Amino acid sequence: MTRFSSAQVLAQLKDFQRRTVDHVFHRMYLDAAPTRRFLVADEVGLGKTMVAKGIIARTIEHLQDSVERIDIVYVCSNSAIAQQNVARLKVDGGSEFALASRLTLLPTEVHNLRKNRVNFVSFTPGTTFDLKSRAGLMRERVVLFRMLRGERWLDAGGLLNVLQATAGRERWQECACKGELPLDADLTEAFCVSLQTDEAFRKKLIDLC
């Protein structure tokens, strides 16, 4: 496997940007009591995105021998900025997987993340929760149905009806019950375990079903 070097990325930075990168990296990885978070607050146009790219490059170089996979999560205000800046933040020419999807659909995407050593994942308010629709997207409800239909404490037929919401019956049942939908087993198991420990919500869901 080709080793990653941060030198090419760092060479693109101005001196003050490089000093910021070095300071943040030292505080996060080299200090005797390293911090888990760091805020870079600077004027517009002084290159915070480039600083972030430098920190990402140094982090990948530092962690490449000690972890199996590195996930960089980018959170910003809208999907247009996410698409633009994820491209700018990539440090090796664009081989990483970039996800700008709804957080609720993450169980269908994790298998893609696991294929790569480095991933860029972007989330925005619009890709996470759309409060205009209380029932969410039909695909989100399909994910919920597929994750829960094997739970013995739930009536699968009732669950199917509950999650239909405003979708047409035939189309909903076609989408919910047929075809492949890759779901991450670990996320599915963790979700079901978490749901079982929430007694109040669990009872409400049983009653609805």
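Structure: see above.
Below: a short report on this structure. These figures come from a predicted structure and were not determined experimentally. (Residues numbered from 1 in each chain as written. Predicted model: local features only at pLDDT ≥ 70, side-chain atom pairs only at ≥ 80, totals over all residues. Heavy atoms only, no water.)

Considerations on the nonpolar core
Link 1 in the chain: Phe145, Leu148, Leu154, Leu159, Trp172 and Leu205 are the most contacted members of the largest nonpolar core, which totals 19 residues.
Link 2 in the chain: Those elements that provide at least two residues to this core are helix H7 (138–148), helix H8 (156–164), helix H9 (169–177) and helix H10 (185–197).
Link 3 in the chain: A total of six residues in this core trace back to one element, the largest contributor, which is H7.
Link 4 in the chain: In contact with Phe145, other than residues within four places in its own chain, are Ala156, Leu159, Leu160, Leu163, Ala176 and Cys177. (Core = buried A, V, L, I, M, F, W, Y, C linked by side-chain atoms within 4.5 Å. Buried < 20%, exposed > 50% of the residue type's maximum accessible area, 1.4 Å probe, protein only. Helix = DSSP H or I, 4+ residues; strand = E, 2+ residues; numbered from the N terminus. Contact = heavy atoms within 4.5 Å.)

Focus on unusual backbone geometry
Link 1 in the chain: A positive phi angle, close to 50°, is found at Ala165, a residue other than glycine.
Link 2 in the chain: One can find Ala165 in the loop between H8 and H9.

Description of the environment of Phe191
Link 1 in the chain: Locating Phe191 in the fold gives a position in helix H10.
Link 2 in the chain: For Phe191, a relative accessible area of 29% gives the class partly exposed.
Link 3 in the chain: With 13 residues separating them in the primary sequence, Phe191 and Lys178 have C-alpha atoms 22 Å apart.
Link 4 in the chain: The residues touching Phe191, leaving out its near neighbours within four places in the chain, are Leu144, Met147 and Leu148.

Section: helix H4 (residues 79–89)
Link 1 in the chain: Of all the residues in H4, the buried ones are Ala82, Asn85, Val86 and Leu89. Buried residues of H4 fall within an arc of 110° about the axis and therefore sit on the same side. Exposed side chains of H4 directed beyond 90 degrees from the buried face belong to Ala80, Gln83 and Ala87. (Arc of directions from axis to C-beta.)

Here's the deal with the pattern of salt bridges
Link 1 in the chain: Following the criterion strictly, the structure yields 10 salt bridges and no others.
Link 2 in the chain: Note that Asp31 is salt-bridged to Arg27, the shortest N-O span being 2.7 Å.
Link 3 in the chain: We classify Asp31 as partly exposed; its relative accessible area is 21%.
Link 4 in the chain: With a shortest N-O distance of 4.0 Å, Glu199 and Arg202 are connected by a salt bridge. In this pair, Glu199 and Arg202 both sit in helix H11 (residues 199–208), three residues apart, roughly one turn of the helix.
Link 5 in the chain: Owing to a relative accessible area of 52%, Glu199 belongs among the exposed residues under this scheme.
Link 6 in the chain: The structure contains a network of salt bridges with shared partners spanning Arg18, Asp22 and Arg58. (Salt bridge = Lys/Arg side-chain N within 4 Å of Asp/Glu carboxyl O.)

A look at the environment of Asn112
Link 1 in the chain: Within the fold, Asn112 resides in helix H5 (residues 110–113).
Link 2 in the chain: The class of Asn112 is buried, set by a relative accessible area of 18%.

Focus on the packing of helix H3 (residues 48–63) against H4
Link 1 in the chain: Running from N to C, H3 and H4 cross one another at 50°; their axes reach a closest spacing of 9 Å. Considering the angle they form, H3 stands oblique to H4. In this structure, H3 crosses over H4, and the sense of that crossing is right-handed. For the pair H3 and H4, the contacting residues are Thr49, Ala52, Lys53 and Ile56 in the first and Asn85, Arg88 and Leu89 in the second.
Link 2 in the chain: Class assignment for the residues of the contact of H3 with H4 results in three nonpolar, two polar and two charged. (Axes fitted to C-alpha atoms, helices over the stretch in contact; angles between N-to-C directions. Parallel < 35°, antiparallel > 145°, perpendicular 65-115°, else oblique. Left-handed = near helix turned anticlockwise from the far one by under 90°. Nonpolar A, V, L, I, M, F, W, Y, C, P; charged D, E, K, R; others polar.)

Details of the side chain of Gln17
Link 1 in the chain: When you line up the elements, Gln17 lands in helix H2 (residues 15–30).
Link 2 in the chain: A relative accessible area of 5% places Gln17 in the buried class.
Link 3 in the chain: With near-sequence residues (within four places) excluded, Gln17 lies in contact with Leu46, Gly47, Met50 and Val51.

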